[in-house]
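# Structure assessment
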Amino acid sequence: MTTAVHETKAGQEVTYLEAISQALDEEMTRDERVFLMGEDIGPYGGAFRITEGFQKKYGEWRVLDTPLAESGFVGAAIGAAMMGMRPVVEMQFADFISCAFDQITEVAAKNHYRWGAAVPLVIRAPFGGGVHGGPFHSECPEGWFFHSPGLKLVAPSTPYDAKGLLKAAIRDPNPVIYFEHKFLYRRLKAVLPVEDYIVPIGKADVKRPGTDISVITYGAMVHLALEAAAVMAKEGIEMEVLDLRTLIPLDREMIFESVRKTSKAIILHEDNKTGGIGAEISALLAEDCFDSLDGPVIRIAAPDTPVPFSTPLEEFFLPKTSDIVAAARKLAAY
Amino acid sequence: MTTAVHETKAGQEVTYLEAISQALDEEMTRDERVFLMGEDIGPYGGAFRITEGFQKKYGEWRVLDTPLAESGFVGAAIGAAMMGMRPVVEMQFADFISCAFDQITEVAAKNHYRWGAAVPLVIRAPFGGGVHGGPFHSECPEGWFFHSPGLKLVAPSTPYDAKGLLKAAIRDPNPVIYFEHKFLYRRLKAVLPVEDYIVPIGKADVKRPGTDISVITYGAMVHLALEAAAVMAKEGIEMEVLDLRTLIPLDREMIFESVRKTSKAIILHEDNKTGGIGAEISALLAEDCFDSLDGPVIRIAAPDTPVPFSTPLEEFFLPKTSDIVAAARKLAAY
Amino acid sequence: MNLDIAALKTIKRPDLLQMYYYLRLTRTLEDRITALYRQGRIVGGVYTSNGMEAISVAYASVLERDDIIAPFHRDMGAFLVRGITPGEVIAQYLGKRGGPTKGKDGNVHIGDLKRGIIGFVSHLADNLPVATGVALAFRLRGESRVVVTNTGDGGTSRGDFHEAMNFAAVRKLPVVFFCNNNQYAYSTPLSLQMAVRDVVDRARAYGMPGEIVDGNDLAAVYLSAQGAVHRARAGEGPTFIECKTMRMHGHSEHDSAKYVPRKLLEEWKQKDPIPKAERLLQELGYADEAHFREVEDRVKKEVEAGVEFAEKSPLPEGPETLEGVFATEDEVTR
Amino acid sequence: MNLDIAALKTIKRPDLLQMYYYLRLTRTLEDRITALYRQGRIVGGVYTSNGMEAISVAYASVLERDDIIAPFHRDMGAFLVRGITPGEVIAQYLGKRGGPTKGKDGNVHIGDLKRGIIGFVSHLADNLPVATGVALAFRLRGESRVVVTNTGDGGTSRGDFHEAMNFAAVRKLPVVFFCNNNQYAYSTPLSLQMAVRDVVDRARAYGMPGEIVDGNDLAAVYLSAQGAVHRARAGEGPTFIECKTMRMHGHSEHDSAKYVPRKLLEEWKQKDPIPKAERLLQELGYADEAHFREVEDRVKKEVEAGVEFAEKSPLPEGPETLEGVFATEDEVTR
Ligand SMILES: Cc1ncc(C[n+]2csc(CCOP(=O)(O)OP(=O)(O)O)c2C)c(N)n1
Ligand SMILES: Cc1ncc(C[n+]2csc(CCOP(=O)(O)OP(=O)(O)O)c2C)c(N)n1
Ligand SMILES: [Mg+2]
Ligand SMILES: [Mg+2]
């Protein structure tokens, strides 16, 4: 095996960002069909420096700087994928995925259903707020794609999941949108296994077990949920934090199992509330866990506005630990 | 007042399609800021002939044939709207709205929030299945836009609502997507008021009152719900059929009022189930009507696939009256 | 373009005869489908290449077995040359299991990677970026394969055309862009579609060689395609080929095309590609009237056999709707 | 382009002096913002027009009061010429209520219809179709107003560029497209962006007149803009103007731009638009060193006053997040 772009010693901590970088590097070494496309990913190493050093190792075709044209390069990745390549495309910010919306929903998502062509494509989308990005550099676009049959969506919350889910996404024979949270890039560190591993697509994860209230969430919000759970534990309420990890296909069994156990559910996401993924989960609970529920299913999410720029506005916009605590207290009293 | 493009005598029935055409004609006569853009809407009168005769009456600039470029002409409509015009843009089929997705969600939806520019724009989107259109001429794209703060969405189910909602949309100072159901175009007829009227955006409508189960729906599905209600009435179950008419902003009061009365809810739509509008309504009920609910909130919707072409497949795909009846019987027994 | 006899002689007799056969087969097949449509036996719309058959017959005939085509909706000839049978085409139109998409999609939405065909997406120009990606895969793997794609004059107005042309040119990819300039996009004449006289002018904006060819001249299109494919295969990059032609039917069979001046159609009737090809074959001494009648009989029989095949082919069953949203690993191209 | 003295003399002395003032003001203001950024006092990223100020100062100076601009992210000069004050700009950068977007959006996302400025959308080229629509409104109403828009070299690769250019050309709309060709798009050099040497080659594909101008030459850009605006106002349609220039800072202030050869920067340093403008003013006998020092002092004071204004301006309060998603009728332009 060739040496890694960035060497990591056993036992050394890596960030969420480095975990993504490692996954790309290892998959490119493992499988020569894997290649990268995007804006400024070559000599520059990408806006967030995830592919720094990659072009030196893999050359300018496997780490391919594209013109500024998201629809064009996603379309190209679809074509290459159908020819048996494994493209991983980078959106410079998830927000710009709207420019490739048509290619993703009409071409990538439907090709296999319509005429049987597999499209093993990964689109990396650095998403989310809390970074003073304003309306066009903070978006959570997962809700749009949640409603497009044929796509898989994943959103890791830890370095371990970030690496394992990206590897699984690259090895998946379908188009997968990989939502990596910008806020977590350099804020989380962990020691990762030395050996190759994947986190299977479609499997949620209990990030903290509990018996009284289920908090169902994903992405950066997982950490708020954990904070809230710590607060509530002091009040004698044990919250279970369920990290979806995969948004499509949803791990219904695990969601239902958790809620049947606790009888109470909070759904938490950073995306806008109306039409967000929380709505679907609430609806699934209403359909399948109605008899187990001991209280209303509460959604905590951003309000229905674009992401505002100014600090006090963005703070108001983003869900807060205190929102979760308040909801948990309300539910506990039910 | 100038003569209408197509004269209608008092008491004469008009189709859903003609109702749309009348609304456009009357608004263009009433307000010279109103103009139309789209592919083949001029001499040809549009793929569905809604603007037949319009160019003769209003000239080739107010009924403007565009190049084949949805993003470009929606963008242009946004610019004109910001200058005080009232553009009404036609998608040849709603399916092609994906090509203008970026302009709609990133520009039209956010301009007012970001910097205060009103965008009084209407996009007409002929949507829905049952017409042997296959995956690209049958789509229900409303779910995508349901999750984009800044847009209003309407979807009439009758000629009366079609005319009144289109007039309201044209007079609204915001971007409104007007989902007109292709299946209903020539299948529904009604006598419309002679005088000018609008159907206010944001107001649902009870299409059949009932006391036992609420069916919350919109578009072509309203008529299936009415059929099912007639069947159930024979069994002594009175279903209330609530036609949302406006999808954003939702008429929560009316939804809650109906469900508080009946304690049981079925949500019905033709769009794919996962992440559809039904999920949001179910979640709202879980949040606000939990204590009133006497049974699970049931969603009836298309499965999570593209719209298949072949007749038996499309029939399987589309919700059926029998699905509603089955769900109603199940709920009634709860 | 004036073809000299020496150039014409470079096309082998059997190749030219075979193309003539496909020209005839295409015409007869599409005429038969049109007849079925008029009898109300076709599901959905019918789009023909009547008068334009030479283009896709010729470009497909230039290719090697493992080359790829990404055709648009007037390329029936290319399907046939690639081995799709008349029976499969009619089955596709009827939504039967025997069609290449097994009823999932209809009419000209034929895709089959085994026969090197990328399935058409209704959203015009969407497959152009996809074609560049097919070429990119070839380039990445150092294969000497090429991809040929086609678009209408209208399709060149879309952003995806621009992004695909640019990317192909920047990376000198082995792709040939055909443009079927039939002077109308649905009802929209070229003058409302673009402000240049020749679509080929667009190629220059990308630094890509462009050519104009008589699209009704089988041999001319063949030679032009051959040159471009040869350059692409040799690593010399993409070419844009504008085929001047005329749409002789309506946009689809329900359109009477009143907006096209009858005189224009009369003129182009004189340039019909079939008699033109026959004159050429006679001039070259490759075939006589008797041969033409023989081919006519043969294709008629083949088409009738196709109708029979299609009618016997079963319809898919409802639950098949749910199959195929996602691909499995064994379906990935290798 | 070689400017003869006669042409230069057509620019009135006060106009040239005023432009010189704005050139200075732009440079000083952006330098000050950069300094604030280095002190960690700016919220979010900083994008400057350093070395390229002449372009937007010049095009904005050509316009009448009721003309419209749709600038991109390197057009600070245009904001200032249109009457946005340094204080407002800094307040915008700080997310203060005193910024034109009141904290809803940041940095160069300044929009204000009262001062004829369409707010920039991050998604590059999105505002080009919007600009064509502004022009369309003028055309529809028979007004002799024009709109000027600007894009980077990178932005011209996007589909929306294509769709906008084409529509403007087909309908001969009163719009001027500037292109700020600063040779890089973030880290991507022109050679990976397009296969033509001059961006202006693209204009020809639309049948639109195109020009190349020295973007660092205030007078040259002014004269070019004047000609194009004049033609647009006279109903002669759109023009594309490529300004050759160089980005002298990183893409944004966090980018050290190591990928740009130092020699190239050295070269362009010699062509700085400010000394160039000073030499011109001296040659024409319009101003001397003393005047330049006076302007320098004046703009410094204005910028410091701006810093003070911005710092005093209050931050918005959290709940303002929820305001302004929808417009009210009185906000519509009339
Ligand atoms: C993006 C998109 N918009 C609109 C349509 C509807 N439509 C189908 S074919 C057509 C005209 C196509 O014209 P052209 O590209 O010239 O091809 P032709 O049919 O003339 O061969 C239109 C507008 C579409 N298929 N895709
Ligand atoms: C659609 C889109 N994709 C990606 C980006 C991220 N991005 C911001 S600026 C930039 C480079 C712009 O280059 P250019 O158009 O040449 O303008 P310049 O900054 O050089 O003036 C990129 C890639 C974006 N803003 N929009
Ligand atoms: Mg055409
Ligand atoms: Mg640039």
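What you see is a predicted model; the values in this text were computed from it and never measured. (Residues numbered from 1 in each chain as written. Chains lettered and ligands numbered in written order. Predicted model: local features only at pLDDT ≥ 70, side-chain atom pairs only at ≥ 80, totals over all residues. Heavy atoms only, no water.)

### What to know about the pairing of strand 5 (residues 122–127) of chain B
Residue and element names in this part refer to chain B. Formally: Here the term buried applies to any residue with accessible area under 20% of the maximum for its type, exposed to any over 50%, and partly exposed to those in between, with areas from a 1.4 Å probe on protein chains only. Secondary structure is summarised from DSSP: a helix means a run of H or I of at least four residues, a strand means a run of E of at least two, and numbering begins at the N terminus for each. Only strands joined by at least two bridges in the DSSP assignment are considered to pair.
Most of strand 5 sits out of view: six of its six residues are buried. By the alternation rule, side chains of strand 5 split into V122, R124 and P126 and I123, A125 and F127, which are all buried. In this sheet, strand 5 lies alongside strand 4 (residues 86–90) in parallel orientation, the contact comprising three bridges. Within strand 5, the position partnered with V88 by the bridge is V122. One ladder, built from six bridges, connects strand 5 with strand 7 (residues 176–181); its direction is parallel. Its bridge partner being in strand 7, F127 is matched across the sheet by H181.

### So, the domain arrangement of chain A
Residue and element names in this part refer to chain A. This is how it is decided: Residue ranges assigned to the domains are those given by an automatic or database domain assignment. Contact definition: two residues touch when any of their heavy atoms are within 4.5 Å. Once two parts are joined, some of their accessible surface, as seen by a 1.4 Å probe, is lost; buried area is that loss totalled over both. Salt bridges are counted wherever a side-chain nitrogen of Lys or Arg sits within 4 Å of a carboxyl oxygen of Asp or Glu.
You can read the domains of chain A as domain 1 (13–191) and domain 2 (205–332). Averaged C-alpha coordinates put domain 1 and domain 2 at centres separated by 26 Å. Every contact between the two is made by 26 residues of domain 1 and, on the other side, 24 residues of domain 2. For the domain 1 and domain 2 pair, buried surface summed over both sides reaches about 2100 Å², with 62% attributable to carbon and sulfur atoms. Between the two partners, domain 1 and domain 2, sit two salt bridges.

### Side note on the sheet that holds strand 2 (residues 34–38) of chain A
Residues and elements named next belong to chain A. Note the threshold: Axes, fitted as lines to C-alpha atoms, cover a helix only where it is in contact. Angles between the N-to-C directions of the axes lie from 0 to 180 degrees.
Here we have seven strands laid out as an open sheet, ordered 3-2-4-5-7-6-12, and mixed in their pairing. At either end of the open sheet lies a strand with only one pairing partner, and these are strand 3 (63–65) and strand 12 (246–248). With strand direction ignored, the average angle separating the axes of adjacent strands in the sheet is 20°. Docked against the sheet, helix 6 (residues 159–171) engages strand 2, strand 4 (86–90), strand 5 (122–127), strand 6 (152–154), strand 7 (176–181) and strand 12, running at close to 165° with respect to strand 7.

### Structural notes on the packing of aromatic side chains
The condition is simple: Two aromatic rings, drawn from Phe, Tyr or Trp (for Trp, its six-membered ring), form a pair once their centres lie within 6.5 Å of each other, and the interplanar angle then sorts them: stacked below 30 degrees, edge-to-face above 60, tilted otherwise. Definition used: whenever NZ (Lys) or CZ (Arg) falls within 6 Å of the ring centre and also within 35 degrees of the ring normal, the charge is taken to sit over that ring.
Scanning all chains against the criterion turns up 39 aromatic pairs over all chains. Aromatic side chains Y16(A) and Y185(A) sit 6.3 Å apart centroid to centroid with 55° between the ring planes, which places their arrangement in the tilted category. In this pair, Y16(A) is assigned in helix 1 (residues 16–30) and Y185(A) in the loop between strand 7 and strand 8 (189–191), connecting sequence segments 169 residues apart. On the basis of an interplanar angle of 15° and a centroid distance of 4.3 Å, the ring pair of Y160(A) and Y197(A) is categorised as stacked. Within this pair, whereas Y160(A) is found in helix 6, its partner Y197(A) is found in the loop between strand 8 and strand 9 (205–208), the two being separated by 37 residues in sequence. A network of ring pairs unites the aromatic residues F101(A), W144(A), F145(A), F101(B), W144(B) and F145(B) as a single cluster. R187(B) extends its terminal NZ or CZ atom over the ring of F183(B), reaching a point 3.7 Å from the ring centre.

### Regarding the relation of the copies chain A and chain B
Filter applied, for reference: Here the copies are superposed with least squares, the fitted atoms being C-alpha atoms of residues at a pLDDT of at least 70 in both.
Mapping chain A onto chain B calls for a screw motion: a turn of 180° about the axis and a shift of 0.0 Å along it, with 0.0 Å RMSD after fitting. Seen this way, the second copy is the image of the first under a two-fold rotation axis. Interface overlap between copies: 98% of the residues of chain A at the interface are likewise at the interface in chain B, consistent with a symmetric, same-surface contact.

### Thoughts on the interface of chain A and chain B
Tallying the contact residues gives 48 residues for chain A and 47 residues for chain B. When chain A packs against chain B, close to 4200 Å² is buried across both sides, 60% of that on carbon and sulfur atoms. For the chain A face of the interface with chain B, the top three residues by lost area are W144(A), H147(A) and F290(A), together amounting to 17%. For R299(A), the salt bridge goes to E280(B), with nearest N and O atoms at 2.8 Å.

### Considerations on the coordination of the magnesium ion (ligand 3)
Residues and elements named next belong to chain C. Here is the rule: Distances decide who is a donor: an N, O or S atom must be within 2.8 Å of the metal, or within 3.2 Å for Na, K and Ca. Water is not included, so sites may look incomplete.
The coordination sphere of the magnesium ion (ligand 3), as far as protein atoms go, consists of D153 (OD), N182 (OD1) and Y184 (O), spread over 2.0 to 2.1 Å. Of note, the magnesium ion (ligand 3) draws all its donor residues from one chain, in the sequence arrangement D-x28-N-x1-Y. Here D153 is found in the loop between strand 2 (147–152) and helix 7 (159–170), whereas its partner Y184 is found in strand 4 (residues 184–185), with 31 residues between them in sequence. Each member of the pair, D153 together with Y184, is buried.

### Some thoughts on the site of ligand 2
Going by this rule: Only heavy atoms are used to decide nearness, and a residue is near a molecule or strand if one of them lies within 4 Å of it. Side-chain atoms alone can form a polar contact between residues adjacent in sequence; in general such a contact is a pair of N or O atoms within 3.5 Å, and within protein one must be able to donate a hydrogen while the other accepts it. Using the Shrake-Rupley algorithm and a 1.4 Å probe, accessible areas are obtained, with residue cover drawn only from the displayed protein chains.
Near ligand 2 lie 22 residues; those nearest to it are E70(A), H73(D), R74(D), S122(D) and Y184(D). The side chain of Q92(A) places a nitrogen or oxygen atom 3.3 Å from a nitrogen atom of ligand 2. In this structure, an oxygen atom belonging to ligand 2 sits 2.7 Å away from a main-chain N or O atom of Y184(D). Notes on ligand 2: free accessible area 590 Å², of which the protein chains cover 97%.

### Observations regarding the interface of chain A and chain C
Counting residues at the interface gives 42 residues for chain A and 47 residues for chain C. At the boundary of chain A with chain C, total buried surface from both sides reaches about 3700 Å², with 63% on carbon and sulfur atoms. The largest contributions to the chain A side of the interface with chain C come from W61(A), M83(A) and Y113(A), which together make up 23% of the buried area. In this structure, the connection of chain A to chain C is made through four salt bridges. Note that R114(A) and D105(C) form a salt bridge whose closest N and O atoms lie 2.6 Å from each other. Inspection of the chain A/chain C interface yields 20 residue pairs in polar contact (both at pLDDT 80 or more). Among the secondary structure elements, those contributing two or more residues to the side of chain A that touches chain C are strand 2, helix 2 (54–62), strand 3, helix 3 (70–82) and helix 4 (101–115) of chain A.

### Comments concerning the pattern of salt bridges
Residues and elements named next belong to chain A. Tallied over the full model, the rule gives 116 salt bridges over all chains. Ionic pairing is found between D172 and K152, a salt bridge with its closest N-O pair at 2.9 Å. Taken as a pair, D172 in the loop between helix 6 and strand 7 and K152 in strand 6 lie far apart in primary sequence, 20 residues in all. Under the relative-accessibility criterion, D172 is labelled buried at 9%. Among the charged side chains, a salt-bridge network with shared partners connects E26, E27, R30, K163, K167, R171 and D196.

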